[in-house]
Each structure stands twice: as C-alpha cells, then as structure tokens.
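Structural description and commentary
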Amino acid sequence: MENIQNCPVCGSPDSTLKFKAKDYTVSNEMFHIVTCDTCQLVYTNPRPAANEASPYYQASAYISHSDTNEGVVNKLYHAIRRITLKSKTNWIEPEKKGTKELLDVGCGNGHFLAAAKEKGWNITGLELDPETAARAAKLTGITIAPSLKEIAPEKQFQVVTLWHVLEHVYELDEYFHFFKNRIASDGKLLLALPNPASFDANYFKEYWAAYDVPRDIYHFTPATISALAAKYGFKLKTSRGLIFDSFYISLLSNEYKTGNKRLVHSFIIGLISNLRAMLGKPNYSSNLYLFEHA
C-alpha cells in the first residue's frame, strides 16, 4: 500500500477521514476514504500501489471487463449499455470535424469504439488489461494501445473520451499533459465520473457502490474535477447527468448494505437522486463533463 502525501488537485498535505469503505467486489478489505481539507477532493488513501492494483480487478463480478449476462445486475448493466451507446455517439456527433480522430481511454471490451466506428469516426483505443484489450481488438478490428506511449505520436484527436476511467488513473499528471498536447485546439475532452456529492452517495454513505474501493482511487465532484482540469488549461463547457447510473448504483449499494437488492427501494432512491439533480445543482449520481481548451 502507498500513502498519497499531497492532494493531486491543490497539493495540500492535509486531509480528514470521511469514512471507511469495504471492497465488496474482490478482497473484502477495508479502505479509508478521505477529504482534502483545502479543496475538498475525496480520495482513497492509503491505496494499492500501481503495481499492486491488478489483483483487485480480477473478478468476474467486475462488470466493465466482462460480457457475462448472468444475474439481475449484469443483465441490467448490459441492457443499459445498449441504450447508452446510442446516447454516447449522439453526444460526440457535433464534434465530428477535421480528421474525425477519436481516442477512447480505458476502452474496455470496445463497444463504444465499435459504435463510434460505425458512425464514421477514425478510432483509437487504449486499454491496460491485455485480455480485455484482445476482446476490444477482435470487436473493432484495430490494434488497442496498452499505454499512452504506444499511441501514434503524430495523431491529434478531435475527441478524447474516458467513460468511468479517470477515477482509476494513477498518473493524473501524465494523462492530463497528454490531453493538453494531443487534443486539437477545437477538440473536446469528455469525462464520465461518479459523483460523491449526489443524493444517492450521501444516502448510502460508505455503502455507496460507486466508491468501488480500491479500484477507484479518486472520487471527483463537479467542483474538484473542474479544478483539476483547470490546472492543465481546460475549462468546462457543459455537463449532463447520466440518469441510469443512480438506479444501477442504488441496486448495488442496497445489496452491499442489506444483502438484498431491494428493487423498489433502489428505484425510488435513484429517482429521488435524479429529480434532486434536475431541480438543483448538477449532482447526478454520475456526470458527463465536456471540457475544451481554455
């Protein structure tokens, strides 16, 4: 395990324990979730070192790297994925200009890349897990890069997407410098992130499934992700709620808390979370942020 000595957003060495959360997916270990005293970034600390993280992803229950449809939660996840793929390609369609180059970081099994390819994008994918990358390569017909360094240096991207990926990234500085240098001057950076300031996060507290410790090492709110992006010359153009996430996360959170998915209760909590976000601040269970060069 390693300790983060300084907040990656503001550099402060001071943080306060928010609570302890359990890894329900793989290890059943407990992890500390802390809040920066200065900028309020929420992060997991201590955390597995980068070279220790891989075992925490080795579970069939880790849905983003799986195509199984076994069980209610997996069926729900994959049904929603079919719907959201269309939404995702619609969201990036206005940015299809110039060379139409798109990079999906943490592309998983490649379903979004394949959908974007069908819409006429020139696709590039990055995936750290070799087995998952192999599935993405088979689906998309392209070679999937295993790291930023393996992406063709001459490429400038009109759109770079990270769908629930940045919260896992150890090398925030390296990645944001890449975005700054490799996204076209009129290009866009799209980040989909869970939001610990949402109603469902505050309701479930340490049982909130989107903390997903220790795989999620950062837990960004709208304010903290905007502050981090601003350090590297990006400004927020717009954001939107990912409305399905509150229902799915509430199902998992109820199972963690009570041992039962409590379908009706989970639906109600998800609905309340979305309604509150619609009527107030953009505190959906997950948000999609669209950044551009400042």
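Please refer to the structure placed before this passage.
What this report covers is the structure whose coordinates are included nearby.

Criteria and thresholds
For every chain, the first residue of the written sequence is number 1, and numbering continues from 1 onward in sequence order. Residue-level local features of this predicted model are given only where pLDDT is at least 70; pairs of side-chain atoms are given and counted only at 80 or more, and the full residue set underlies all totals for whole chains, interfaces and linings. The side-chain quantities take in all heavy atoms of the structure and omit both hydrogens and water. The way it works is that DSSP assigns letters per residue, a run of H or I at least four long becomes a helix, a run of E at least two long becomes a strand, and they are numbered from the N terminus. Criterion used throughout: strands pair if DSSP finds at least two bridges between them. Between the N-to-C directions of two axes lies an angle of 0 to 180 degrees, each axis being a line fitted to C-alpha atoms and, for a helix, fitted only over the stretch in contact. Contact between two residues is taken to exist if any of their heavy atoms lie within 4.5 Å; hydrogens are not considered. For the purposes of this analysis, a disulfide is any pair of cysteine sulfur atoms at a distance within 2.5 Å. Relative accessibility decides the category of a residue: with a 1.4 Å probe and only protein chains considered, values under 20% of the type maximum give buried, values over 50% give exposed, and everything between is partly exposed.

1. Side note on unusual backbone geometry
Omega for the bond connecting Asn45 with Pro46 falls within 30 degrees of zero, at 0 degrees, which places this linkage in the cis form. Here Pro46 lies in the loop between strand S3 (42-44) and helix H1 (72-92). A cis amide bond links Val213 with the next residue in sequence, Pro214, at an omega value of -5 degrees. In the Ramachandran plot, Gln40 falls in the positive-phi region, its phi being about 75 degrees despite a non-glycine side chain. Within the fold, Gln40 resides in the loop between strand S2 (30-36) and S3. A positive phi angle, close to 55 degrees, is found at His164, a residue other than glycine.

2. Brief notes about the sheet that holds strand S9 (residues 234-241)
One open sheet holds the 6 strands; their spatial order is S5-S4-S6-S7-S10-S9, and the pairing between them is mixed. Two strands bound the open sheet, and with one partner strand each, they are strand S5 (122-126) and S9. Sheet twist, expressed as the mean angle between neighbouring strand axes with direction ignored, is 20 degrees. The sheet strands contacting helix H4 (residues 172-182) are strand S4 (101-105), S5, strand S6 (157-163), strand S7 (183-194), S9 and strand S10 (286-293), and the helix crosses S7 at an angle near 145 degrees. Docked against the sheet, helix H6 (residues 222-231) engages S7, S9 and S10, running at close to 25 degrees with respect to S10.

3. Here's the deal with the state of the cysteines
A full pass over the atoms with the stated rule returns 0 disulfides. Cysteine Cys7 is unpaired, with the sulfur of Cys39 as its nearest cysteine sulfur at 3.5 Å. With relative accessibility at 4%, the residue Cys7 sits in the buried group.

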